[in-house]
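Summary of the model geometry
So you can see what is in the structure, the chains are spelled out below.
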Amino acid sequence: MRTTVGIIGAGPAGLLLARLLHGAGIDSVVLESRDRAYVEHRQRAGILEQGTVDALRAAGAGARMDREGLRHDGIELRFAGRRHRVDFPGLTGGRSVTVYAQTEVCKDLIALQLAEGGPLLFEAEALAVEGAVSGRPRVRFRHAGREDVLECAYVVGCDGFRGVTRGVFPASSSRVYERTYPYAWLGILADVAPSHDELVYARHDRGFALLSMRSPSVSRLYLQVPAGTDAGDWSDEAVWDELERRLATDDDWRLERGPVTQKSVTPMRSFVHEPMRHGRVLLAGDAAHIVPPTGAKGLNLAVGDVVTLARALVHERDTGSPDLVETYSATCLRRVWQAERFSYDMTTLLHRGPADTPFDARLQLARLGRIVSHRGAETDLAEAYTGFPLDA
Ligand code: RFL
Ligand code: PHB
């Protein structure tokens, strides 16, 4: 098989890249190791920055998002029994975020790709990427029980944190920056109306809790748990009891309970692989960088990468100049590191580490106190949460 851009992975990064290239008249083939149902139902992100919403709309993938997505103009910070609303438009000159699940973004992009885009092969596992510094890189893959080769002008690894593409980057010219956290998130999906109309990020002496949602009738909630926790160790009742403790307020707010339909544990890590390009092989999304979910940045970074990359590939096709492809890594990494910083700040602001002392707890409260009482500090949070511009 031959194509211009070989894309490994049909998560949001790979799917949106294929869509953007198709719109620009550049052909691609997407290889995805899992089946369609798996990709469409994997529970993950829920928050889209304004720039992500704009990019999906511009790609012609915004119709259902515009109908079903929920615009959110703020979040609530909850600590010491008190509630503080961060007003995004008021602090950022009009920016907001949209609640629309990653599962739905993927469903929309898959439907479009299958209807009008280039080949999207499910259960097609990339085994190896070769020839990164040759003129024509290749992907060896297995599909329908047989091995095949995809020859490309460029290969883009959108294959997530556990993908194979990073493996072609030589150790001598690559560097990994990494941090793991001694805690994880236990997430549940529940058939109950969200108990608050905006997301609630709660700092509590027992640990972090987050109230989020998927729709007006489906809640998504998370609890900080120790790293290595097994979701099976938590009964539904124990999860609700703990959420209730950590989200408790001094006023009459109440957490509504409902049937839990899904429960899973997500480890927390920060990870950046530099650079994001080696010859004609590029990385995008989680394949290149991971953020802890507290800042809601992972999916948005993936979108930023592929928008930048699609522009670069179109620019090369139109002008013959590989300039933007060559600066792709540096351009993306500036934004990536701002998201790493913000995600780290939000994580350490709100979680309780096993080695934390009373001093650390007081510091967290002081940091939160500063955010809620100083417009500059609050604006900094609101700007980062609603998203950094693509070319900054
Ligand atoms: P993905 O979604 O992991 O997709 C990679 C795809 O590559 C496939 N693959 C292969 N295919 C072929 N051959 C191979 N050898 C392959 N190896 C892997 C995989 O099957 C998969 O389909 O990466 P992508 O596209 O870069 O997208 C990144 C996002 O998924 C991720 O950053 C977000 O989900 C992170 N995240 C959040 N991001 C946000 O922006 N806002 C949020 O609110 C948010 N919340 C979250 C999150 C992630 C979470 N988890 C579970 C990690 C909440 C959670 C709980
Ligand atoms: C989610 O709804 O899944 C979600 C929302 C905000 C986050 C992380 C996850 O920071």
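Residues numbered from 1 in each chain as written. Chains lettered and ligands numbered in written order. Predicted model: local features only at pLDDT ≥ 70, side-chain atom pairs only at ≥ 80, totals over all residues. Heavy atoms only, no water.

**A few points about the sheet that holds strand β7 (residues 97–99)**
- Reading across the sheet, the three strands line up as β3-β7-β4 and stay open at both edges, with antiparallel pairing between neighbours. Either end of the sheet is taken by a strand with one partner, and the two such strands are β3 (47–49) and β4 (70–72). Adjacent strand axes in the sheet meet at a mean angle of 35 degrees, parallel and antiparallel pairs treated alike. (Pairing = 2+ DSSP bridges. Helix = DSSP H or I, 4+ residues; strand = E, 2+ residues; numbered from the N terminus. Axes fitted to C-alpha atoms, helices over the stretch in contact; angles between N-to-C directions.)

**Focus on the state of the cysteines**
- Tallied over the full model, the rule gives zero disulfides.
- Cysteine Cys158 shares no disulfide, and the gap to the nearest cysteine sulfur, in Cys332, comes to 11 Å.
- A relative accessible area of 7% means that Cys158 is categorised as buried. (Disulfide = S-S within 2.5 Å. Buried < 20%, exposed > 50% of the residue type's maximum accessible area, 1.4 Å probe, protein only.)

**Quick notes on the packing of helix α1 (residues 12–23) against helix α8 (residues 298–319)**
- Orientation of α1 relative to α8, taken along the N-to-C sense of each, is 30 degrees, at an axis distance of 9 Å. By the angle between their axes, α1 is roughly parallel relative to α8. Handedness of the α1/α8 crossing: right-handed. Where α1 approaches α8, its residues Pro12, Ala13, Leu16, Leu17, Leu20 and Leu21 are matched on the opposing element by Leu299, Ala302, Val303, Val306, Val307, Leu309, Ala310 and Leu313. (Parallel < 35°, antiparallel > 145°, perpendicular 65-115°, else oblique. Left-handed = near helix turned anticlockwise from the far one by under 90°. Contact = heavy atoms within 4.5 Å.)

**Topic: the site of ligand 2**
- In the vicinity of ligand 2, 14 residues are found, and the nearest of them are Tyr201, Ser212, Arg214, Tyr222 and Pro293.
- Contacts to ligand 2 include Ser212, whose side-chain N or O atom sits 2.6 Å from an oxygen atom.
- Here an oxygen atom of ligand 2 sits 2.8 Å away from a polar atom, N or O, in the main chain of Pro293.
- Contact with the protein chains covers 96% of the free accessible surface of ligand 2, which is 280 Å².
- Mapped by element, the contributors of at least two residues to the shell around ligand 2 are β14 (199–203), β15 (209–215) and β16 (218–226).
- If one sorts the elements of the shell around ligand 2 by residue count, β15 sits on top with three residues.
- Its residues assigned to classes, the shell around ligand 2 shows eight nonpolar, three polar and three charged. (Near = heavy atom within 4 Å. Polar contact = N/O pair within 3.5 Å; in protein donor to acceptor, adjacent residues only side chain to side chain. Areas by Shrake-Rupley, 256 points an atom, 1.4 Å probe, with all protein chains shown as cover. Nonpolar A, V, L, I, M, F, W, Y, C, P; charged D, E, K, R; others polar.)

**Description of helix α6 (residues 102–116)**
- The first and last C-alpha atoms of α6 sit 21 Å apart over 15 residues, in line with the 21 Å expected at 1.5 Å per residue.
- The set of residues buried in α6 consists of Gln102, Thr103, Glu104, Val105, Cys106, Asp108, Leu109, Ile110, Leu112 and Gln113. (Expected span 1.5 Å × (residues − 1).)

**What about unusual backbone geometry?**
- Cis peptide bonds are those with omega within 30 degrees of zero, and the linkage from Glu274 to Pro275 qualifies with -5 degrees.
- With respect to the helices, strands and loops of the structure, Pro275 is situated in the loop between β17 (260–274) and β18 (277–278).
- The backbone phi angle of Glu123 is positive, close to 50 degrees, even though this residue is not glycine.
- Tracing the backbone shows Glu123 in the loop between β8 (120–121) and β9 (124–130).

**Things to note about the site of ligand 1**
- Around ligand 1, the surrounding shell holds 35 residues, and the nearest of these are Glu32, Arg42, Gln102, Asp286 and Leu299.
- Arg42 is positioned with one of its side-chain polar atoms (N or O) 2.9 Å from an oxygen atom of ligand 1.
- Between Gly298 and ligand 1, the recorded distance is 3.2 Å, taken from a backbone N or O atom to an oxygen atom.
- Summarising the interface, the protein chains cover 89% of the accessible area of ligand 1, which totals 1000 Å² for the free molecule.
- Tallying contributions element by element places α8 first for the shell around ligand 1, with four residues.

**Things to note about the sheet that holds strand β12 (residues 154–157)**
- The six strands lie next to each other as β8-β2-β1-β12-β19-β18, forming an open sheet whose pairing is mixed. Unpaired on one side and paired on the other, β8 and β18 mark the two borders of the sheet.
- Pairing between strand β1 (residues 5–8) and β12: four bridges, direction parallel. The residue of β12 that forms the bridge with Gly6 is Val155.
- Running over the sheet, α1 touches β1, β2 (28–31), β8 and β12 and is turned about 160 degrees from β1.

**Describing the environment of Thr379**
- By the secondary structure assignment, Thr379 is in helix α11 (residues 375–386).
- The spatial distance from the C-alpha of Thr379 to the C-alpha of Arg269 is 26 Å, given a sequence separation of 110 residues.

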